[in-house]
Amino acid sequence: LDVETPDVPLTNYSVRNGTNPQDIVIESASRAYVLRLAAANVLIVNPATGDSVGTIDLSSLADADGLPEMIDGLLHDGDLYVLLQLLDENAWFAPTGPGVVAVVDPADGTIKRTISLTIENPELMIMDEGALYVAGGAWGDMTSGGVDRVASGAATATRITEAEAMRGRPTAAAHVDDPNSIWGVVSQSCPACAVSALDATT
């Protein structure tokens, strides 16, 4: 896209029909990672040309439907973090349990470790002061959602706030100038939503 006229695509590149792309993580002008909900591997592309240059297999982390349902990604300290929802595509995308974060070495595609979450159907993650924050929750089940915090290097998450306390299911988050604050968009009874501020330390 041209930022001056974003409604007129300059060109587009296929990431395979039916794979339902969710996010792209840019590493450099010639390397990026495309996360696809309906595929079991991360597609590695050259974002300038659209050429596919490889894949990263995450099928070992899938649930019974054979797909891990990757939704969001980021790069941190040389590692690729991939957020997995673990949904049952044969049961209207119902969560099969809490989500998982895969920490991958992007150089060789090996899964270095996984992080177990407490929330189901996670939507997004951000890194703040070395800690990872993940937000989400199953639709219609306030007890399954909220915001998880993962300390640097930890293998498990701690839920720091519940969806019920936020009066809805968190679906987006961002930093502000205060390093201890995270702002989140909360989905309530459709189409209502709200914006909540969280103290990242508590």
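## Observations concerning the pattern of salt bridges
Point 1. Considering all chains together, one arrives at four salt bridges under this definition.
Point 2. Of the charged contacts, one joins Glu162 and Arg159 as a salt bridge, the two residues approaching to 2.8 Å between their closest N and O atoms.
Point 3. By relative accessible area, which is 37% here, Glu162 ends up partly exposed.

## Thoughts on the environment of Asp57
Point 1. Along the chain, Asp57 falls in strand β4 (residues 52–57).
Point 2. Look at Asp57 and you get partly exposed, because its relative accessible area is 47%.
Point 3. Taking C-alpha positions, Asp57 is 27 Å from Ala172, a pair spaced 115 residues apart along the chain.
Point 4. If we skip the residues at most four places from it in the chain, Asp57 touches Ala40, Asn41 and Ile111.
Point 5. One polar contact links Asp57 to Ser59, side chain to side chain, over a distance of 2.7 Å.

What counts as what
- Residues numbered from 1 in each chain as written.
- Predicted model: local features only at pLDDT ≥ 70, side-chain atom pairs only at ≥ 80, totals over all residues.
- Heavy atoms only, no water.
- Salt bridge = Lys/Arg side-chain N within 4 Å of Asp/Glu carboxyl O.
- Buried < 20%, exposed > 50% of the residue type's maximum accessible area, 1.4 Å probe, protein only.
- Helix = DSSP H or I, 4+ residues; strand = E, 2+ residues; numbered from the N terminus.
- Contact = heavy atoms within 4.5 Å.
- Polar contact = N/O pair within 3.5 Å; in protein donor to acceptor, adjacent residues only side chain to side chain.

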